[in-house]
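# Overview (structure and organization)
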Amino acid sequence: MEKRDLLYTGKAKSVYATDDADRLVILFRNDTSAFDGKKVEQLERKGMVNNKFNAFIMDKLAAAGIPVHQEKLLSDTESLVKRLTMIPVECVVRNFAAGSLVKRLGVEEGKELNPPTFELFLKNDALGDPMVNEYHVRSFGWATDDQLARMKELSFQVNEVLKGVFDAGNMLLVDFKLEFGLFHGEIVLGDEFSPDGCRLWDKDTRKKLDKDRFRQGLGGVVEAYEEVGHRIGVKFD
Ligand code: ADP
Ligand code: UDP
């Protein structure tokens, strides 16, 4: 496999073509952003930590039968993935109230949601990733009924698998965001799963171990990501 042209530079990752039209290389950078790119910093080691964290989680999901884009780790900061045609909506599952849900509905942070909720957001930084509903997704042609149903089904499956993984490390999986795409007609999980795109709290102290440390200026961001990794068995060296 040969890495070719840079196709896209996102807020945290860069995407390269390869000599295989069906494969991409994703480079995890140290750039860390929040508030739709309004707060940006470089955090030492974050690219390596998220690349290895994501590969570990994607392997767990694949082992549970969930179709994932991840193929293999190529280096500390690069992974080989299937090239997907991305669906421009973010799927968010929540087990506990936090973040935008707390602001939008005025509910208490930490309230357990039973059953877990599912929300959709349009991937559009200029508009601040607005929340959309299932009719918007269908009416604007972002995904078909069947594709949407599959994304929802897979999102809840991911939740079940990962609640267990993080519970074993004495953490609560509060919420998370997934992005899906199409690979030869099949819905496949793309992008990444790392503490950049989910909320994780220590079960006993409710200490935040995710990107809220960056959003809220709490410090120890990458250290917290590494702690999460160590608790669930990710090897960083
Ligand atoms: P953003 O675009 O939000 O700034 P990133 O910096 O994470 O995000 O950039 C990664 C980009 O690559 C995202 O736009 C994501 O949708 C896209 N992407 C992730 N996985 C794949 C894949 N397997 N195939 C094609 N595109 C992907
Ligand atoms: N999330 C994300 N990317 C986004 C928006 C949200 O990864 O563009 C994640 C976020 O880290 C959290 C979950 O999705 O784990 C729910 O986010 P929320 O809607 O509460 O928004 P936030 O307040 O984090 O912007």
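Report on the accompanying structure. No experiment lies behind these values; they were computed from the predicted model shown.

Criteria and thresholds
Residues numbered from 1 in each chain as written. Chains lettered and ligands numbered in written order. Predicted model: local features only at pLDDT ≥ 70, side-chain atom pairs only at ≥ 80, totals over all residues. Heavy atoms only, no water. Near = heavy atom within 4 Å. Polar contact = N/O pair within 3.5 Å; in protein donor to acceptor, adjacent residues only side chain to side chain. Areas by Shrake-Rupley, 256 points an atom, 1.4 Å probe, with all protein chains shown as cover. Helix = DSSP H or I, 4+ residues; strand = E, 2+ residues; numbered from the N terminus. Nonpolar A, V, L, I, M, F, W, Y, C, P; charged D, E, K, R; others polar. Expected span 1.5 Å × (residues − 1). Buried < 20%, exposed > 50% of the residue type's maximum accessible area, 1.4 Å probe, protein only. Contact = heavy atoms within 4.5 Å. Phe/Tyr/Trp six-rings, centres within 6.5 Å; stacked < 30°, edge-to-face > 60°. Lys NZ or Arg CZ within 6 Å of the ring centre and 35° of its normal. Pairing = 2+ DSSP bridges. Axes fitted to C-alpha atoms, helices over the stretch in contact; angles between N-to-C directions. Parallel < 35°, antiparallel > 145°, perpendicular 65-115°, else oblique. Left-handed = near helix turned anticlockwise from the far one by under 90°. Core = buried A, V, L, I, M, F, W, Y, C linked by side-chain atoms within 4.5 Å. Salt bridge = Lys/Arg side-chain N within 4 Å of Asp/Glu carboxyl O.

## Some points on the site of ligand 2
The full set close to ligand 2 counts 16 residues, and Arg-94, Ser-100, Asp-175, Arg-199 and Arg-215 are the nearest of them. At 3.3 Å, a side-chain N or O of Glu-90 approaches an oxygen atom of ligand 2. Between ligand 2 and Arg-94, the relevant distance is 2.7 Å, taken from an oxygen atom to a side-chain nitrogen or oxygen of the residue. Expressed as a share of its isolated accessible area of 500 Å², the protein-covered part of ligand 2 is 79%. For the shell around ligand 2, the secondary-structure elements that each account for two or more residues are strand S8 (85-96), helix H2 (99-105), strand S11 (171-183) and strand S13 (198-202). Across the shell around ligand 2, the residue classes break down as 5 nonpolar, 3 polar and 8 charged.

## A closer look at helix H6 (residues 221-232)
Compared with an ideal rise of 1.5 Å per residue, which puts 12 residues at 16 Å, H6 spans 17 Å between its outermost C-alpha atoms and is within 8% of the ideal. Looking only at H6, the buried set comprises Val-221, Val-222, Ala-224, Tyr-225, Glu-226, Val-228, Gly-229 and Ile-232. Looking at the buried side of H6, the elements it contacts are helix H1 (46-63), helix H4 (145-167), S11, S13 and helix H5 (212-215).

## A few points about the packing of aromatic side chains
On inspection of all chains with the given rule, the structure shows 5 aromatic pairs. Each ring, one from Phe-176 and one from Phe-193, has its centre 5.7 Å from the other, and the planes form 55°; the classification is tilted. In this pair, Phe-176 is assigned in strand S11 and Phe-193 in the loop between strand S12 (186-189) and S13, connecting sequence segments 17 residues apart. The pair formed by Phe-176 and Phe-193 is uniform in burial state, with each residue classed as buried. Each residue in the set Phe-53, Phe-166, Phe-176 and Phe-193 is aromatic and connected to the rest through ring pairs, giving one cluster. The lysine or arginine in question, Lys-82, covers the ring of Phe-183, its NZ or CZ lying 5.9 Å from the ring centre. Cation over ring: Arg-138 sits above Tyr-135, and NZ or CZ is 4.7 Å from the ring centre.

## Describing the sheet that holds strand S7 (residues 78-82)
Pairing is antiparallel across the open sheet formed by 5 strands, whose spatial order is S1-S2-S3-S7-S6. Edge strands, defined here as strands with exactly one partner in the open sheet, are strand S1 (3-9) and strand S6 (70-73). Across the sheet, the axes of successive neighbouring strands diverge by a mean angle of 30°, strand direction being ignored. Pairing of S1 with strand S2 (residues 13-18) involves 4 bridges; the strand directions are antiparallel. Bridging from a neighbouring strand, Leu-6 pairs with Tyr-16 of S2.

## Focus on the packing of H1 against H6
Direction vectors running N to C along H1 and H6 enclose 30°, while the axes themselves pass 10 Å from each other. As far as their axial angle goes, H6 and H1 are roughly parallel. In this structure, the crossing between H1 and H6 has a hand that is left-handed. Residues Lys-46, Val-49, Asn-50, Phe-53, Phe-56 and Ile-57 of H1 touch H6, and the partners they reach there are Val-222, Tyr-225, Glu-226, Val-228, Gly-229 and Ile-232.

## Observations regarding the nonpolar core
With 48 residues, the main nonpolar core has Phe-53, Ile-57, Met-151, Leu-162, Phe-166, Phe-193 and Ile-232 as its most contacted residues. Those elements giving two or more residues to this core turn out to be H1, S8, strand S9 (112-122), H4, S11, S12, S13 and H6. For Leu-162, the contacting residues outside a window of four places in its chain are Ile-57, Leu-61, Leu-173 and Phe-193.

## Section: the pattern of salt bridges
Throughout the structure, instances matching the rule amount to 28 salt bridges. Ionic pairing is found between Glu-160 and Lys-163, a salt bridge with its closest N-O pair at 3.4 Å. Here Glu-160 pairs with Lys-163, and both are found in helix H4, just 3 residues apart, close to one helical turn. By relative accessible area, which is 30% here, Lys-163 ends up partly exposed.

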